[in-house]
Structures are given as C-alpha cells and as structure tokens.
Amino acid sequence: MDLDAITEYSALHPKPSGLILQYGTAGFRTKAEHLDHVMFRMGLLAVLRSKQTKSTIGVMVTASHNPEEDNGVKLVDPLGEMLAPSWEEHATCLANAEEQDMPRVLMDISVKAAVNLQQDAFIVIGRDTRPTSEKLSQSVIDGVTVLEGQFHDYGLVTTPQLHYMVYCRNTSGQYGEATLEGYYQKLSKAFMELTKKTLCSEDEYRSLKVDCANGIGALKLKEMEHYVSQGLSVQLFNDGTKGKLNHLCGADFVKSHQKPPQGMEMKSNERCCSFDGDADRIVYHYLDVDGHFHLIDGDKIATLISSFLKELLLEIGESLNIGVVQTAYANGSSTRYLEEVMKVPVYCTKTGVKHLHHKAQEFDIGVYFEANGHGTVLFSKAAETKIRQLTKELEDERRKAAAKMLENVIDLFNQAAGDAISDMLVIEAILMLKDLSIQQWDALYMDLPNRQLKVKVADRQVISTTDAERQVVTPPGLQEAINDLVKKYKLSRAFVRPSGTEDVVRVYAEADSQVSWDGSIEKICGESLIPWVVGVVVGEKRKLFQ
C-alpha cells in the first residue's frame, strides 16, 4: 500500500473540518457538496473489501428518494447484499478520519479485517441521474485506482441493476450475464414466458402508467420497453425531461402524502405506479370513479405475491415453506389477512432492508416488502433446484405448468435487491394470470387508517427500542404512555422509533376505521406522543405522563 500516493490523492479530496457522517442502512447520505472526500475513501474501502472477500464489490452513487441536491454512496457485498455490519463501522471510521489520520486508519482496517494486500481487487461502479453524481463517481474511481484496484464503470444504472451486476460477477454468470443487455434479456424472457397464455386470449391490451420520479428508472424503462412491448404498454411520466428528481413525485412522495404525483394525468380506474429516484421502490395507485385516490403499498404487493406463490405450491403439491417478512410499519390488516386468510406465516424485523433480507433467507421462499414498496422474493438454492427439477420430471400437465410458472417467477425477481422494474413485471404478470383488476387487488383487505409523522430532534439516541422496534425501552414511561393510549381504540397500535439515517424520531399509529376519523389517530400521534417525544428528546423537564 503506497501511503504517500494515498496522502497525495487524498489532498485532492479534502475532508471538511469537523464533519461527522454515519454509514447507515442506506450508506452515506447528505448534501452533495459534503461528499467528495467520502466518495474517494469509499473507493479505497471497496478495494480493501474486494481483496478481503476475493470478490467483486459494488459502489453505487445515489441518494435514492432524497431531494436532488443530496447525494450518497453505498457499497454492495459479493452476493448483491448490503455491506456487512462490521464493514459499516470501518466505513464510518474511514469517512470521519481527519486528513492526517486517514492513511493510518486505512492500515488499521486492513489489519483488523486481515486483508491480503497482495490480492487482486475488482470494483463495479454505478450512479443515478443527479447533477452531482458523475463528478462524485469519478472521486470513487480515484480511490480505487490509487490502491491499484481494477474497475468497471457501468455509468447510469438503477441501484438494483448494480446489485444484479455484482451478484452475476460473483457467481461466474450463473445468476445471469453482468450487462444491462443480460439484465433486460433475463427479465423480459421470464415475463413473456409467464404471460404468453394470457397474451393469446382476447384480453384488452395491457397498459400501465409509470411515474419515474424524474430519475434513473425512466432511462432504464425506455431501454427495456421494446423487450416487453408485446405484453405490456408502458407510459412514462416524470421522466426527467422537466421537473426535479423526487420533487412532488415518486414512490416516497405518493406513499408519504397519500396523493397522486404531480406531472401524471390519472383517469378513473387506470393502473398507475410510482418508482423512487433510484428505482428500488414501487407503489401502485389509482383513482376510483368518484375521483378518490387509492394507494397500494408494499404490504398489498407482498400479499398479492405471496398468495400467488402459495397457490402455485398447492397446485404443484410441494410442501416448500413460505414466509412473509414485514416491519412494524406494515398495516395490521395485511398481517391479519396473510395469517388468518392465506395461512402464511408472517415475521417482523427491525426497519431496514438488510434485516428483512436476512430473515427472508431462512425460508425456502422468503417474501419481504417494506410498506414503502421496497422488497423482493428470495428462493433458497434447494428450493430453486427442486422447482427446476420438477419442470422436467412432472408428467401431470397442470402440475408441470404450475412448476414452469414458478421457475419463470424465480427468474423474474431480482434476488439481489428490491427492484422496481422487476417487481413491476412480477405484479403485472400476476394480475394478468389471475385476471385481477387493480380494484379487485385493492379489495383483498381494507387498510386500517394510519398516520406517520417525524419529529426533528437534537439526539435521536435518547430513544431506544426492542421487539423489532415495536416497544420503547428508554426513556422510562414512554411505552406505558403509548399503551394507555392504544387501549382506548379498537385495533389500534402505535410505536415510536429513532430514525436510522437522520436526527428525527418517527411516530406511527393506526386504529380501526370506525373510530379513526373522530381524531383518535391525531390524538395518538399529535396530541400525545409528539409532545412527549419532543419533551424527552430536547430535554424538557416537565414530562407529560407523570
């Protein structure tokens, strides 16, 4: 390791004095002007991680659903998964090291992680469409090259596409071809195979309106359009030609504000969906005949997908175990529907994709979606082998057809990460095969009315939680206050948790529709929990529930 060269290059990417950043679930995210040194150092770290794992590592420059002026970076581990927790700590230490200490910290990491510095390293890099992403991506490349790592720059790609590339490269092409063409071919072939029987019928031509959040999803859907045009007509809105990234549009806006995105003309009963800025989240929505807006979020997506998968397994006659993984934000109605109607086991984890992904790996078929629309389905190696074997061995035509469908579903999901394009194609295929309208899908169950709020605070760490973030541990008295409140309302539930990425505390509450609109939700969130949270976290001495 040439420490003199590293010091020389690092001086070209100086760290602003006193700036402290934390590598969280989404990597580093902040204002773009504060990230140049972080990008350079993450290039360095990616090389060390590649040497340690003897694998290709990914670096994605994006801030996902954040405003356009923000940016961020995250590393992708060998099988397309999130960076290992111990390396998140290394990332934080390296990013926050003062200029004169940085080479020493780099050496400390290589010693602690037992990195063989003689090992070759290969890094793949991608970026979103933010105005600052290209320059910041070059800073990553500077970090990679000064440590003599090899790299391939994919340029403009969605975040899930980069995860896919990493997975392909580290499975010697078994998962797929590590090119955009390979990605489009794999997904479109599975989609067309899955839907070919429905396309032969007299069904009306399938059309879907897509809000692309003025982000990378628009560019990639345009590239993919002709691969699936026989089965699906996609109309793109907020495609980046005008309007700012994620501004009044995109999955996060639609989910948070429970209203249509600007820039999309919606007619009654038309199927519409929204991606987020880096195309790793998707939510569906429509207007009914009375002009009322209906949101179909990650909970209902998980319900549609897991119900379909369970039906296929029953048709085949296989007893592969299927589990659905949710977070505390999942609407209580979705959990009850899955457990009581579909008889599918549901598990709750802490918020953050890495927690859901890890839990989903415990099943033959693990379905995970956050309510925000981020999710995918994981198939164990044993389950995948069994299903592919059954397509060849089964003689009964109905069972064989169901096994073939399941095989195509495996290929249609991006198992490396939640992927809006992949998930969209899966959803469209299921709706076709089950001949479901968007209204029928929405009617599977009725969401409990709910509210989500966030409170800006000086120190979010004052609040700690347990039981997958559903119960408050500290400060004392807060959980008891919540318990007293929710007892008053039917089917009600509420929780408070610190954000994993910013100094805010998040508050969630839901309650039965019969009482919700008398102000009970507002009472739970607004009149009671919020003052308590603010009072505790900013150090107010007078506590409300004493």
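- Per an unreviewed UniProt entry, the protein chain carries the name Phosphoacetylglucosamine mutase and comes from Felis catus.
- In the Pathway (unreviewed entry) part of its UniProt record, the protein chain is described as follows: "Nucleotide-sugar biosynthesis; UDP-N-acetyl-alpha-D-glucosamine biosynthesis; N-acetyl-alpha-D-glucosamine 1-phosphate from alpha-D-glucosamine 6-phosphate (route I): step 2/2."

1. Points about the nonpolar core
Turning to step 1, where the next piece is worked out: Core analysis: the largest hydrophobic core is formed by 87 residues, its most contacted members being Val210, Phe275, Tyr284, Leu309, Met424 and Leu425.
Turning to step 2, where the next piece is worked out: No other element matches helix 15 (residues 420–433), which puts 10 residues into this core.
Turning to step 3, where the next piece is worked out: When near neighbours in sequence (up to four residues on either side) are disregarded, Val210 contacts Leu221, Val234, Gln235, Leu236, Phe237, Met264, Cys273, Phe275 and Met424.

2. Focus on helix 13 (residues 381–393)
Turning to step 1, where the next piece is worked out: Here helix 13 contains 13 residues, and its C-alpha end-to-end distance of 18 Å stays within 8% of the 18 Å for a straight helix at 1.5 Å per residue.
Turning to step 2, where the next piece is worked out: Each element contacted by the buried residues of helix 13 is listed here: helix 10 (298–316), strand 14 (375–379) and helix 14 (397–412).

3. Observations concerning the sheet that holds strand 11 (residues 322–327)
Strand pairing within a sheet occurs via backbone hydrogen bonds; the two strands may be parallel or antiparallel.
Turning to step 1, where the next piece is worked out: Strand order in the open sheet formed by 4 strands is 12-11-13-14, and the pairing between neighbours is mixed. Taken across any chain shown, the strands that pair with only one partner, and hence form the sheet edges, are strand 12 (346–349) and strand 14. Taken over all neighbouring pairs, the strand axes of this sheet differ in orientation by 20 degrees on average, direction set aside.

4. Description of a negative patch on the surface
Turning to step 1, where the next piece is worked out: A contiguous patch of negative charge on the surface is contributed by Asp2, Asp4, Glu8 and Glu148.
Turning to step 2, where the next piece is worked out: Looking at where Glu8 falls in the secondary structure, it is placed in helix 1 (residues 3–10).
Turning to step 3, where the next piece is worked out: Residue Glu8 is classed as exposed on the basis of its relative accessible area, which comes to 59%.

5. Some details on the environment of Glu33
Turning to step 1, where the next piece is worked out: Relative to the elements of secondary structure, Glu33 occurs in the loop between strand 1 (28–31) and helix 2 (36–53).
Turning to step 2, where the next piece is worked out: For Glu33 and Ser334, which are 301 residues apart along the polypeptide, the C-alpha to C-alpha distance reads 41 Å.

6. Remarks on the sheet that holds strand 5 (residues 150–156)
Turning to step 1, where the next piece is worked out: Strand order in the open sheet made by the 5 strands is 1-3-2-4-5, with mixed pairing throughout. The two strands at the open ends of the sheet, each matched to only one other strand, are strand 1 and strand 5. Neighbour-to-neighbour, the strand axes of this sheet turn through a mean angle of 15 degrees, independent of strand direction.
Turning to step 2, where the next piece is worked out: Taken together, the 4 bridges between strand 2 (residues 56–61) and strand 3 (residues 70–76) define a ladder with antiparallel strand orientation. Paired with Val61 across the strands is Val73, a residue of strand 3.
Turning to step 3, where the next piece is worked out: In this fold helix 2 packs onto strand 1, strand 2, strand 3 and strand 4 (122–127), with an angle of close to 10 degrees to the strand it touches most, strand 3.

7. Quick look at the pairing of strand 2
Turning to step 1, where the next piece is worked out: Counting buried positions along strand 2 gives 6 out of 6 residues, so the element sits mostly inside the fold.
Turning to step 2, where the next piece is worked out: Sheet analysis places strand 2 next to strand 4, joined by 6 bridges and oriented parallel. Note that in strand 4 the partner of Met60 across the bridge is Gly126.

8. Quick notes on the packing of aromatic side chains
Turning to step 1, where the next piece is worked out: Tallied over the entire structure, the rule returns 12 aromatic pairs.
Turning to step 2, where the next piece is worked out: Aromatic side chains Tyr184 and Tyr227 sit 5.6 Å apart centroid to centroid with 35 degrees between the ring planes, which places their arrangement in the tilted category. Of this pair, Tyr184 sits in helix 7 (residues 180–199) while Tyr227 is found in helix 8 (residues 216–228), placing the two residues 43 residues apart along the sequence. Residue Tyr184 shares its accessibility class with Tyr227, and that shared class is buried.
Turning to step 3, where the next piece is worked out: Residues Tyr329 and Phe495 carry aromatic rings whose centres are separated by 5.0 Å and whose planes lie at 70 degrees to one another, so their mutual orientation is edge-to-face. Within this pair, whereas Tyr329 is found in the loop between strand 11 and helix 11 (332–341), its partner Phe495 is found in strand 18 (residues 493–498), the two being separated by 166 residues in sequence. The pair Tyr329 / Phe495 is uniform in exposure class, with both members buried.
Turning to step 4, where the next piece is worked out: Three or more aromatic residues joined by ring pairs make a cluster, and in this case those are Tyr164, Tyr167, Tyr175, Tyr183, Tyr184 and Tyr227.

9. With respect to the state of the cysteines
Turning to step 1, where the next piece is worked out: Following the criterion strictly, the structure yields 0 disulfides and no others.
Turning to step 2, where the next piece is worked out: Left without a disulfide partner, Cys249 is nearest to the cysteine sulfur of Cys212, which lies 9.3 Å away.
Turning to step 3, where the next piece is worked out: In this model Cys272 remains outside any disulfide bridge; the closest cysteine sulfur is found in Cys273, 7.9 Å from its own.
Turning to step 4, where the next piece is worked out: For Cys272, a relative accessible area of 0% translates into the label buried.

10. Description of the UniProt feature "domain: Alpha-D-phosphohexomutase alpha/beta/alpha" (unreviewed entry) in the protein chain
Turning to step 1, where the next piece is worked out: Those residues carrying the UniProt feature "domain: Alpha-D-phosphohexomutase alpha/beta/alpha" (unreviewed entry) are residues 51–97 and 117–167 in this numbering.
Turning to step 2, where the next piece is worked out: Between the C-alpha atoms that bound residues 51–97 there is a distance of 22 Å. The span itself is 32% helix and 28% strand.
Turning to step 3, where the next piece is worked out: Helix and strand shares over residues 117–167 are 45% and 25% respectively, and the end C-alpha atoms of the span are 23 Å apart.

Parameters at a glance
- Residues numbered from 1 in each chain as written.
- Predicted model: local features only at pLDDT ≥ 70, side-chain atom pairs only at ≥ 80, totals over all residues.
- Heavy atoms only, no water.
- UniProt positions renumbered as here; feature names shortened; annotations may be inferred.
- Core = buried A, V, L, I, M, F, W, Y, C linked by side-chain atoms within 4.5 Å.
- Buried < 20%, exposed > 50% of the residue type's maximum accessible area, 1.4 Å probe, protein only.
- Helix = DSSP H or I, 4+ residues; strand = E, 2+ residues; numbered from the N terminus.
- Contact = heavy atoms within 4.5 Å.
- Expected span 1.5 Å × (residues − 1).
- Pairing = 2+ DSSP bridges.
- Axes fitted to C-alpha atoms, helices over the stretch in contact; angles between N-to-C directions.
- Patch = residues over 30% accessible without salt bridge, like charges linked within 9 Å, V, L, I, M, F, W, Y side chains within 5 Å.
- Areas by Shrake-Rupley, 256 points an atom, 1.4 Å probe, with all protein chains shown as cover.
- Salt bridge = Lys/Arg side-chain N within 4 Å of Asp/Glu carboxyl O.
- Lys, Arg positive; Asp, Glu negative; His and termini not counted.
- Charge placed at Lys NZ, Arg CZ, Asp CG, Glu CD.
- Phe/Tyr/Trp six-rings, centres within 6.5 Å; stacked < 30°, edge-to-face > 60°.
- Disulfide = S-S within 2.5 Å.

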